[in-house]
Amino acid sequence: MSIKIINDKINNIDPALRAFSMKLTGNKVDADDLFQDTALRIMSNSDKYREGTNFKAWAITIMRNIFINNYRKKVRRGVMLDQTDNNYFINSGSKVVRNEGESNASYKEMLQMVSSLPEEFKEPFWMAYKGYKYDEIAEKLDAPLGTIKSRIFFARKKLRNLYEVANFDRRA
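**What about the overall build of the protein chain?**
When its secondary structure is counted, the protein chain shows nine helices and zero strands. Put simply, the protein chain runs from its N terminus to its C terminus through helices and strands in the order α-α-α-α-α-α-α-α-α. Counted over contacts in the protein chain with a minimum sequence separation of 6, partners at least 24 positions apart contribute 59%. By element, 53% of the accessible surface of the protein chain is carried by carbon and sulfur atoms, the whole surface being about 12,800 Å².

**Concerning the pattern of salt bridges**
All chains considered together, the criterion is met by five salt bridges. Where Asp32 meets Lys28, a salt bridge forms, and the shortest distance between an N and an O atom there is 3.2 Å. Of this pair, Asp32 and Lys28 both sit in helix α2 (residues 28–44), separated by four residues, roughly a single helical turn. Classification of Asp32 by relative accessible area gives partly exposed; the value is 24%. Through salt bridges with shared partners, a single network forms among Asp14, Arg18, Lys28 and Asp32.

**Observations regarding a nonpolar patch on the surface**
A cluster of nonpolar side chains, Tyr107, Leu111 and Tyr129, forms an exposed patch at the surface whose accessible area comes to about 340 Å². Within the secondary structure, Leu111 is located in helix α6 (residues 107–115). Taking the relative accessible area as the measure of exposure, Leu111 reaches 31% and is therefore partly exposed.

**Focus on the packing of helix α1 (residues 3–25) against α2**
Contact geometry for α1 and α2: axes closest at 9 Å, N-to-C directions at 150 degrees. Comparing their axes, α2 and α1 come out roughly antiparallel. Note that α1 runs across α2; the crossing there is right-handed. Note on element contacts: α2 touches α1 through Lys28, Asp30, Ala31, Asp32, Leu34, Phe35, Ala39, Ile42 and Met43, opposite Ile3, Ile6, Asn7, Ile10, Asp14, Leu17, Arg18, Ser21, Met22, Leu24 and Thr25. Residues belonging to the contact of α1 with α2 are distributed by class as follows: 12 nonpolar, three polar and five charged.

**Details of the packing of helix α7 (residues 119–129) against helix α8 (residues 134–141)**
It is at 10 Å that the axes of α7 and α8 come closest, and there the two elements cross at 140 degrees. Considered as vectors, α7 and α8 are oriented oblique to each other. Crossing of α7 over α8 shows right-handed handedness. Contacts from Glu123, Pro124, Met127 and Ala128 of α7 reach α8 at Ile137, Lys140 and Leu141. Among the residues forming the contact of α7 with α8, the class breakdown is five nonpolar, no polar and two charged.

**Notes on the nonpolar core**
General note: in soluble globular proteins, nonpolar side chains tend to be found buried as a group. Ranked by size, the top nonpolar core spans 15 residues in total, and within it Ile10, Leu17, Ile42, Phe55 and Met63 carry the most contacts. Listed by contribution, the elements that provide at least two residues to this core are α1, α2 and α3 (55–77). The contact partners of Met63, leaving out residues within four places of it in the chain, are Leu17, Phe20, Ser21, Leu24, Leu34, Phe35 and Thr38.

**As for unusual backbone geometry**
Located in the positive-phi region is Asp142, a residue other than glycine, with phi close to 55 degrees. With respect to the helices and strands, Asp142 occurs in the loop between α8 and α9 (145–171).

**A look at the side chain of Thr38**
Among the secondary structure elements, Thr38 is positioned in helix α2. A distance of 2.7 Å separates a polar side-chain atom of Thr38 from the backbone oxygen of Leu34. If we skip the residues at most four places from it in the chain, Thr38 touches Ala59, Ile62, Met63 and Ile66.

Cut-offs and rules
- Residues numbered from 1 in each chain as written.
- Predicted model: local features only at pLDDT ≥ 70, side-chain atom pairs only at ≥ 80, totals over all residues.
- Heavy atoms only, no water.
- Helix = DSSP H or I, 4+ residues; strand = E, 2+ residues; numbered from the N terminus.
- Contact = heavy atoms within 4.5 Å.
- Areas by Shrake-Rupley, 256 points an atom, 1.4 Å probe, with all protein chains shown as cover.
- Salt bridge = Lys/Arg side-chain N within 4 Å of Asp/Glu carboxyl O.
- Buried < 20%, exposed > 50% of the residue type's maximum accessible area, 1.4 Å probe, protein only.
- Patch = residues over 30% accessible without salt bridge, like charges linked within 9 Å, V, L, I, M, F, W, Y side chains within 5 Å.
- Axes fitted to C-alpha atoms, helices over the stretch in contact; angles between N-to-C directions.
- Parallel < 35°, antiparallel > 145°, perpendicular 65-115°, else oblique.
- Left-handed = near helix turned anticlockwise from the far one by under 90°.
- Nonpolar A, V, L, I, M, F, W, Y, C, P; charged D, E, K, R; others polar.
- Core = buried A, V, L, I, M, F, W, Y, C linked by side-chain atoms within 4.5 Å.
- Polar contact = N/O pair within 3.5 Å; in protein donor to acceptor, adjacent residues only side chain to side chain.

None of the figures reported here should be taken as evidence of function without further support.
Listed below in structure tokens is the structure:
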């Protein structure tokens, strides 16, 4: 297929592609970049397009895949953008809030609470506490991801209840 035909097809679906790129990225600059990357990829892979198939669906699939790949790259690099207006949250530290958790329960008490958990909750909880990701925990413990998530959730819930009971006893 010639570049002119591909270019005409892109021009025909231009508004839809631009709207979809805006929906994915949330801002005009990134949406324009995504649109340009998509147009370039469509032109460079025009030989893979099969005549008679839905060109718009093909183009949107390419755009979505580029967006997902770019997002994954950003996550792997650990790039986090601060999009708060005027860095409000960064500069709003004039009020100091004391953390009551440190004074109400000692580390030793927390260790005792965690050790009182059933074994099936304790190990995934400790791994999550140490910084393992859910999928890494699931792989290491040879358990489904959903099971790991629910065990950590219930471990936190049980610990919260134990903490509230201990805190109530301390006040009484």
